[in-house]
Amino acid sequence: MSHKNLFAAGLTAAFTLTGGLAFAQEDCERGALDKMFCDANGDLVADAPTDPEMLKDPSTLVFAYTPVEDPAIYEDIWTPFIDHLEEVTGKDVQFFAVQSNSAEVEAMRSGRLHIAGFSTGPTPFAVNLAGVEPFAIMGADDGQFGYKLQVYTQADSDIQEMKDLAGKRIAHTSPTSNSGNQAPRALFPDLGVVPDEDYEVTYSGSHDQSMLGVVAGDYDAAPVASEVVDRMAERGLYDPEDVRIVWESDPFPTTSYGVAHDLAPELKDKIKEAFFSFDFEGTALGEEFAGVSKFIPITYKDQWAVIRQIQKANGVEYTPQGLAAE
């Protein structure tokens, strides 16, 4: 059995175990949600348990941010927000550094994670497999938010338009990534190049690695998320003069922030209050995420419609096996 198949089998077993420990839902409307959840109101996210005994009010809340190259740096960056979250909720808050999208989703599903930021592409997996309720996104004062899929190449490359990617060394990030894989597979064919047909897809593992690989010449080009490469440039991880953009998309939603569906309603309200009352100005978080100034409310049903459309076009299924492909 291959390493990928072994990982998929292990993840499926983990999800089966955590599902067995969860409250068994009777027949109900659930759409694409896992069988351990219900969606009576049709908002596409898991309903809170109807049995008050199933609602959770933990003394310590566990918060995670989407997997990044250096979790230790981001733990420091998130400290001001975590302090604010503790003050508003009256709870201790622990930062949990996750190593992969799969691990983050599984941690939420198993009840070991209560609040988390999920990358764009993995958000539907978190919603459908782990019962996450996305409610916020980072945005500007005018309510604008989002990022673009950008295709970068070296400044002196002979790649001038998308069809020139044919036969080149192209890095995607990971199978579940929206801008790093799913959107390119859905959008590139109309631009004259088909991934895995006109060029062989190589998975780098992250947007950071894709971008650094382009700079180093390991890859001829790579589709990446604009927000990630912008932050990399601000930290001096590469020289923008060494690369150029071949093509960019219209904006997509960025990282979603959500809570476990089975937290007590009063606790959910306090968590949301903490997000929407947090002041980015003068904090490490505000410095890291330039161009945003607050958390703004969103719904999974509305803001992730375009992402679900892209993933449907790619045949994505919100199953442990589909997540294991990450």
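Relevant structure appears above.
Okay, so let's go over this structure. Bear in mind the structure is a predicted one, so any value in this text is a computation, not a measurement.

Some thoughts on the overall build of the protein
In step 1: Across its full length, the protein holds 12 helices and 11 strands.
In step 2: If one aligns the C-alpha atoms of the protein with their principal axes, the spans along those axes are about 65 × 50 × 35 Å.
In step 3: Counting the 326 residues in the protein, one finds 51% classified as buried.
In step 4: Of the contacts made within the protein by residues no fewer than 6 positions apart, 77% connect residues no fewer than 24 positions apart.
In step 5: If you sum the accessible surface of the protein, you get close to 14,500 Å²; carbon and sulfur atoms cover 48% of it.
In step 6: Averaging the coordinates of the 22 positive side-chain charges in the protein and doing the same for the 54 negative ones gives two points 5 Å apart.

A short note on the pairing of strand β5 (residues 149–154)
In step 1: Taking burial as the measure, the 6 residues of β5 include 6 buried ones, the bulk of the element.
In step 2: The pairing of β5 with strand β8 (residues 221–225) spans 5 bridges and is classified as antiparallel. Within β8, the position partnered with V151 by the bridge is P223.
In step 3: By the bridge criterion, 5 bridges tie β5 to strand β9 (residues 243–248) in an arrangement that is antiparallel. Bridge pairing links Y152 to I245 in β9.

Some remarks on the environment of P184
In step 1: Note on placement: P184 falls in helix α5 (residues 178–187).
In step 2: Judged by relative accessible area, which is 0%, P184 ranks as buried.
In step 3: Residues P184 and R244 lie 60 residues apart in sequence; the distance between their C-alpha atoms is 18 Å.

A word on the state of the cysteines
In step 1: Tallied over the entire structure, the rule returns 1 disulfide.
In step 2: Covalent S-S linkage joins C28 and C38, the inter-sulfur distance amounting to 1.8 Å. Around the S-S axis, the bridge from C28 to C38 shows a dihedral of about -90 degrees and counts as left-handed. Here C38 lies in the loop between α1 (3–21) and β1 (60–64) and C28 lies in the loop between α1 and β1, a separation of 10 residues in the sequence.
In step 3: Looking at C28, the relative accessible area reads 29%, which means it is partly exposed.
In step 4: Of the residues examined, C38 reaches a relative accessible area of 11% and is grouped as buried.

Here we look at the pattern of salt bridges
In step 1: Per the stated rule, a full pass over the model turns up 15 salt bridges.
In step 2: R231 is the partner of E288 in a salt bridge, and the nearest nitrogen-oxygen pair spans 3.5 Å. Of this pair, E288 sits in helix α9 (residues 284–288) while R231 is found in helix α7 (residues 226–234), placing the two residues 57 residues apart along the sequence. Considered together, E288 and R231 belong to a single accessibility category, that of buried residues.
In step 3: Residue K270 pairs with E273 through a salt bridge whose shortest N-O separation is 3.8 Å. Highlighted residues: K270 and E273, both in helix α8 (residues 265–277), separated by 3 residues, approximately one helical turn.

Quick notes on the side chain of D47
In step 1: Its place among the elements puts D47 in the loop between α1 and β1.
In step 2: Buried and unpaired, D47 has K268 as its nearest opposite-charge partner, separated by 8.6 Å.
In step 3: Apart from the residues lying within four places of it in its own chain, the contact partners of D47 are C38, D39, A40, N41 and H261.

Details of the packing of helix α2 (residues 71–89) against α8
In step 1: Across the interface, α2 lies against α8 with an axial gap of 9 Å and an inter-helix angle of 135 degrees. As far as their axial angle goes, α8 and α2 are oblique. Relative to α8, the crossing made by α2 is right-handed. For the pair α2 and α8, the contacting residues are F81, H84, L85, V88 and T89 in the first and K270, I271, E273, A274, F275 and S277 in the second.

A word on helix α6 (residues 207–216)
Side chains that are three or four residues apart share a direction in an α-helix, a result of its 3.6 residues per turn.
In step 1: Those residues of α6 that sit buried are H207, D208, S210, M211, G213 and V214.
In step 2: Buried-residue contacts for α6 involve β5, β6 (170–172), α5, β8, α7 and β9.
In step 3: At the exit of α6 stands G217, carrying a positive phi of roughly 85 degrees.

About the cut-offs
Residues numbered from 1 in each chain as written. Predicted model: local features only at pLDDT ≥ 70, side-chain atom pairs only at ≥ 80, totals over all residues. Heavy atoms only, no water. Helix = DSSP H or I, 4+ residues; strand = E, 2+ residues; numbered from the N terminus. Buried < 20%, exposed > 50% of the residue type's maximum accessible area, 1.4 Å probe, protein only. Contact = heavy atoms within 4.5 Å. Areas by Shrake-Rupley, 256 points an atom, 1.4 Å probe, with all protein chains shown as cover. Lys, Arg positive; Asp, Glu negative; His and termini not counted. Charge placed at Lys NZ, Arg CZ, Asp CG, Glu CD. Pairing = 2+ DSSP bridges. Disulfide = S-S within 2.5 Å. Salt bridge = Lys/Arg side-chain N within 4 Å of Asp/Glu carboxyl O. Axes fitted to C-alpha atoms, helices over the stretch in contact; angles between N-to-C directions. Parallel < 35°, antiparallel > 145°, perpendicular 65-115°, else oblique. Left-handed = near helix turned anticlockwise from the far one by under 90°.

Geometric descriptors of this kind do not, in isolation, establish any biological role.
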